[in-house]
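# Summary of structural features
In case you want the letters, here they are:
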Amino acid sequence: MSDPAKVTVIPCDSYVSGFPECIESLLEPIGGLSSFVSQGSNVLIKPNLLTDRHPDEAITTHPEVVRHLVRMVRDCGGTPSVGDSPASTVKLSRVQEKTGFLDMCREEEVPLLNMEQSGSVEIKRDGYTFHIAKPVLDADVVISAPKVKTHVLTVLTAGVKNMYGTIPGFLKANLHKEHPAVPDFGRLVAAICRTVPPALSVADAVVGLQGDGPGTGGRPARLNFLAASTDAFSLDLAICKVLGIDPKAVSYLNGAGVPSGLPDIQVIGASSIDDLSPADFDVPSTLGARLVPAFLVNLLERFLWIRPAVMDACISCGRCVASCPVAALSMAPKEKPRLEPEKCIGCCCCHEICPEKAIKMAQSPLLNLIRRGRQP
Ligand code: SF4
Ligand code: SF4
């Protein structure tokens, strides 16, 4: 276990009014941006651009967050660029356009990188092998700008999980196939974040995602805050505290090397962290399943499954079929996808990519019982 780093949190209810001042104040207690960016440094800003959705849907980092980081990097004498590698079945150009990043980067005259085509380097760490996109490794400084969202697989996605997007394209789905067990996948996510630790993470929680995120299965939630830290793990522990999520349910916060206890949280403009907790916030329906002890999961594996169920809203676009890393889904022309349950590893890739909210992650009867037992 390492010592937790300081996390700063500030109330912020708009991406327009007073927003630049909010980010400035947020970073002040950790030395301001000039303590991370020096004259001439090459700075990569890494947002979450999961898929091709409008910023109002809160599935991707709001472009205004990155716009202000770009300007602040320039004010410090650094040279900014922006890049992420979205979920692999969606064309990158479409993602960049729909999320507002194409326009924002044009307006700010900042390069918007294609991390699918920029080459990658194979890395071995903590027993895992994965590829990291070269621009991430070549940058002098990486600033992560995650969106705060719920996640049916990892329960939360924020600072740590944002770095999973440094894996180019379909290689992300391959890693799901190689590491289907949730605790193992969590350790992999943590290893990736430790390989490319951002110097600074600035989390966008002005509007976040609740329910069955991280894609269209979630619903926007006004969270009204920004948070920042030099350590992505400490940042996520603080976000868990604000959202009332038990960090034990978040697989990447459970392994070795994660700070123990609550980080040092400095709240700016509010008297305590509890003042920032939303009155209503829906956690993912899978949270109960993620709290089942590992020995029980191993023992009752056959009875503890989470699988996609295709709903009537399906438009037969085929994205889910293309995104499945184990070919568990197939589809005849103009029909709905069909699942081969014995092949499914419950990775939720199909769920997060569906443009029509037509995939629900169904849970086995035993998991449903466990979930009901945990509800107050
Ligand atoms: S379930 Fe969703 S992603 Fe799959 S084919 Fe239907 S609409 Fe497309
Ligand atoms: S069907 Fe969906 S949840 Fe199952 S393995 Fe394929 S992508 Fe993952």
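The structure presented is a predicted model; accordingly, all values stated were derived computationally and were not measured.

Thresholds, definitions, all that
- Residues numbered from 1 in each chain as written.
- Chains lettered and ligands numbered in written order.
- Predicted model: local features only at pLDDT ≥ 70, side-chain atom pairs only at ≥ 80, totals over all residues.
- Heavy atoms only, no water.
- Near = heavy atom within 4 Å.
- Nonpolar A, V, L, I, M, F, W, Y, C, P; charged D, E, K, R; others polar.
- Domains from an automatic or database assignment.
- Contact = heavy atoms within 4.5 Å.
- Buried area = accessible area lost by both parts, 1.4 Å probe.
- Core = buried A, V, L, I, M, F, W, Y, C linked by side-chain atoms within 4.5 Å.
- Buried < 20%, exposed > 50% of the residue type's maximum accessible area, 1.4 Å probe, protein only.
- Helix = DSSP H or I, 4+ residues; strand = E, 2+ residues; numbered from the N terminus.
- Axes fitted to C-alpha atoms, helices over the stretch in contact; angles between N-to-C directions.
- Parallel < 35°, antiparallel > 145°, perpendicular 65-115°, else oblique.
- Left-handed = near helix turned anticlockwise from the far one by under 90°.

So, on to the site of ligand 2. By nearness alone, 15 residues border ligand 2, and Cys-324, Cys-344, Cys-347, Cys-348 and Cys-350 come closest of all. Each residue belonging to the shell around ligand 2 can be placed in one class, and the counts come to 14 nonpolar, one polar and no charged.

So, on to the domain arrangement of the protein chain. According to the domain assignment, the protein chain consists of domain 1 (7-276) and domain 2 (287-374). Taking only C-alpha atoms, the centre of domain 1 and the centre of domain 2 are 25 Å apart. If you look at the interface, domain 1 gives 29 residues, while domain 2 gives 21 residues. Carbon and sulfur atoms make up 62% of the area that domain 1 and domain 2 hide from each other, which totals about 2000 Å².

This part takes up the nonpolar core. One broad rule of soluble globular proteins: the nonpolar side chains tend to lie buried together. Ranked by size, the top nonpolar core spans 75 residues in total, and within it Phe-130, Val-148, Leu-156, Phe-225, Ile-239 and Ile-245 carry the most contacts. Considering each element in turn, this core owes the most residues, nine residues, to helix α9 (residues 232-243). Composition of this core by domain shows at least three residues from each of domain 1 (7-276) and domain 2 (287-374). Apart from the residues within four sequence positions on either side, Phe-225 is in contact with Val-9, Ile-10, Pro-11, Cys-12, Ala-203, Asp-204, Ala-205, Val-206, Ile-239, Val-242 and Leu-276. With 45 residues, the next largest nonpolar core counts Leu-26, Ala-58, Phe-101 and Leu-209 among its residues.

Here we take up the packing of helix α2 (residues 63-75) against helix α4 (residues 101-108). Two measures define how a pair of helices packs: the angle their axes make with one another and the distance between the axes. Their axes nearest at 10 Å, the elements α2 and α4 cross at an angle of 25 degrees. Judged by the angle between their axes, α2 and α4 are roughly parallel. The way α2 lies across α4 gives a crossing that is right-handed. Within the contact between the two elements, α2 uses Pro-63, Val-66, Arg-67, Val-70, Arg-71 and Arg-74 and α4 uses Phe-101, Met-104, Glu-107 and Glu-108.

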